[in-house]
Amino acid sequence: MIDVVLLPGMINELILPQSQVVVFDVLRASSTIVTALSNGAREVRLFSDVDAVLHARGSIPPPVLSAGERGCVMVPGFDLGNSPAEYQTHRVGGASVLLSTTNGTRAVVAAQAATEIFIGSLLNAQATADALQPQLDHLHTLLVLAGTDGQIAQEDVIGAGAVLWHLLGGTYRIDLPYTDTAWMAYHCFASVRERLGAALRLGAGGINLIEGGFEDDIDLCAQLNSKSLAVRVHKHPLRATAVL
Ligand code: MLT
């Protein structure tokens, strides 16, 4: 089954251990993670809480950067916020980034019982679809959307739709059972794929960023397939790395 789970709270825990999961927080956590790893970060460790970042920091070999936001704004005292623009090679190259965000990293924590976890975004939609292919016949494929403060986020629906678009384009498999939410995401992406930046500005997540002075990040997060890497999440501890 290929399903889009509209919010982390809607995950069916019973099928998680037989599933490969992709987590989406298009604005901005998953786009930031993909950008950090594309620009040479050694790993991005994922934390639900700011305190857990501070606690872990001393036990990880340098260079280490603490990163994240609350209310879209960088956590006071941290090295980086949650804007992909900050994650340039000269800042993150070779570093362990310890990231905590309001919705995105928490969605990964919610999915951690899955067999495989990937981080998806518009930036790496094709690479993510390619990474899902080998297990399509053996595992459920769940695209889990982080949402914004408990509400469904349209940019995450569009991001999941982009991965489904590439998945279906790569293998036209009439036998693959798509759920209705998967088809909804597919058609949502298909209807806006020529104007992704404009579409991302319309939802609550986009409006929050515009009001917070981060409008340029929307265009950075809208660059379809600008990164050719898939991102896998490892467990114990939760850490994202590029799939080589
Ligand atoms: C989140 O994880 O809550 C978001 O990425 C928030 C943000 O865009 O900073």
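For every chain, the first residue of the written sequence is number 1, and numbering continues from 1 along that sequence. Two thresholds apply to this predicted model, a pLDDT of at least 70 for residue-level local features and 80 or more for giving and counting side-chain atom pairs, whereas whole-chain, interface and lining totals are computed over all residues. The side-chain figures draw on all heavy atoms in the structure; neither hydrogens nor water molecules are used.

Give me the overall build of the chain: which residues, what numbers.
For the chain, the count of helices and strands is 10 helices and 10 strands. Expected size for 244 residues packed as a compact globule is a radius of gyration near 18 Å; at 16 Å, the chain falls within 12% of this value. Overall, the chain is about 50 × 35 × 30 Å in size when its C-alpha atoms are taken along their principal axes. Only protein chains enter the accessibility calculation, which uses a 1.4 Å probe; a residue whose area is less than 20% of its type maximum is buried, one above 50% is exposed, and one in between is partly exposed. Counting all 244 residues of the chain, 55% fall into the buried class. When contacts within the chain are restricted to residue pairs at least 6 apart in sequence, those whose partners lie at least 24 apart make up 77%. Secondary structure follows DSSP: runs of H or I at least 4 residues long count as helices, runs of E at least 2 residues long count as strands, and numbering of each begins at the N terminus. Computation of the radius of gyration draws on C-alpha atoms, with the globule rule given as 2.2 Å multiplied by the number of residues to the power 0.38. Residues are treated as being in contact if the distance between any of their heavy atoms lies within 4.5 Å.

So what's going on with the pattern of salt bridges? Residues and values would help.
Any Lys or Arg side-chain nitrogen found within 4 Å of a carboxyl oxygen on Asp or Glu counts as a salt bridge. Tallied over the entire structure, the rule returns 8 salt bridges. One salt bridge connects Arg232 with Glu116, and the closest N-O pair in it is separated by 2.9 Å. Placement of Arg232 in strand β9 (residues 231-234) and of Glu116 in strand β7 (residues 116-120) is noted, with a sequence separation of 116 residues between them. Taken together, the salt bridges that share partners define one network made up of Glu43, Arg45 and Arg239.

I'd like to hear about the nonpolar core, residue by residue, with values.
Side chains of nonpolar character tend, in soluble globular proteins, to be buried together. Ranked by internal contacts, the top residues of the largest apolar core, which has 37 residues, are Val4, Leu143 and Leu164. For this core, the elements supplying multiple residues, two or more each, are β1 (2-5), β2 (19-24), α5 (125-132), β8 (140-145), α6 (154-170), α7 (180-192), α8 (196-202) and α10 (215-221). For this core, the element with the most residues is α6, which contributes 8 residues. Excluding its chain neighbours within four sequence positions, the residues that come into contact with Leu164 are Ile2, Val4, Leu143, Tyr178, Ala182, Ala185 and Tyr186. Ile15, Ile33, Val144 and Val233 belong to the second largest nonpolar core, which has 36 residues in total. Take the buried residues of types Ala, Val, Leu, Ile, Met, Phe, Trp, Tyr and Cys, join any two whose side-chain atoms come within 4.5 Å, and each joined set is a nonpolar core.

Please set out the environment of Leu143 residue by residue, giving values where relevant.
Considering the arrangement of structural elements, one finds Leu143 in strand β8. A relative accessible area of 0% means that Leu143 is categorised as buried. Apart from residues lying up to four places away in sequence, Leu143 is in contact with Asp3, Val4, Val5, Val22, Phe24, Leu132, Ala160, Val163 and Leu164.

Let's hear about the site of the ligand: which residues, and what values?
Throughout this document, a residue counts as near a molecule or strand when at least one of its heavy atoms sits within 4 Å of that molecule or strand. Taken together, Asp25, Leu27, Arg28, Ala29, Glu69, Cys72, Asn82, Thr101, Thr102, Asn103, Gly104 and Leu209 are the residues near the ligand. Under this definition, polar contacts are N or O atom pairs within 3.5 Å; protein pairs additionally need one hydrogen-donor-capable and one acceptor-capable atom, and for neighbouring residues in sequence, both atoms have to be side-chain atoms. Separating an oxygen atom of the ligand from a side-chain N or O atom of Arg28 is a distance of 2.7 Å. Taken together, the residues that form the shell around the ligand break down as 4 nonpolar, 5 polar and 3 charged. Put simply, Ala, Val, Leu, Ile, Met, Phe, Trp, Tyr, Cys and Pro go in the nonpolar bin, Asp, Glu, Lys and Arg in the charged bin, and everything else, Gly too, in the polar bin.

Any details on the packing of aromatic side chains? Residues and values, ideally.
The description of an aromatic ring pair uses the distance of the two centres, along with the angle that the planes make with each other. Each Phe, Tyr or Trp ring (for Trp, its six-membered ring) is paired with any other whose centre lies within 6.5 Å, and the angle between the two planes then decides the class: stacked below 30 degrees, edge-to-face above 60, tilted in between. Under the criterion given, the structure shown has 4 aromatic pairs. Ring plane angle 70° and centroid distance 5.6 Å describe the contact between Trp165 and Phe189, whose orientation is recorded as edge-to-face. Note that Trp165 is positioned in helix α6 and Phe189 in helix α7, a separation of 24 residues in sequence. Classification of Trp165 by relative accessible area gives partly exposed; the value is 26%. With 5.4 Å between their ring centres and 80° between their planes, Trp183 and Tyr186 make a pair best called edge-to-face. Of this pair, Trp183 and Tyr186 both sit in helix α7, 3 residues apart, which is roughly one turn of the helix. Every member of this aromatic cluster is reached through a ring pair, and the members are Trp165, Tyr178, Trp183, Tyr186 and Phe189. Here, a charge over a ring means that NZ of Lys or CZ of Arg falls within 6 Å of the ring centre while also lying within 35 degrees of the ring normal. In this structure, Arg28 is placed above the aromatic ring of Phe214, and the distance from its NZ or CZ to the ring centre is 4.6 Å.

Before we move on, could you go through helix α9 (residues 204-211) and cite the residues and values that matter?
Buried within α9 we find Gly205, Gly206 and Leu209. One face of α9 carries all of its buried residues, which in axial projection span an arc of 100°. Away from its buried face, by an angle of more than 90 degrees, α9 presents the exposed residues Ala204 and Glu211. At the exit of α9 stands Gly213, carrying a positive phi of roughly 85°. Note that the arc is defined by the directions from the helix axis to the C-beta atoms.

Give me the lowdown on the environment of Arg232, citing residues and values where you can.
A residue is classified by how much of its surface remains accessible, and Arg232, at 26% relative accessible area, is partly exposed. Arg232 sits 54 residues away from Tyr178 along the chain, and the two C-alpha atoms are 23 Å apart. Each residue touching Arg232, except ones within four places of it in the same chain, is listed here: Glu116, Ile117, Phe118, Arg239, Ala240, Thr241 and Val243. Here the side chain of Arg232 touches Glu116 through a polar contact of 2.9 Å, side chain to side chain.

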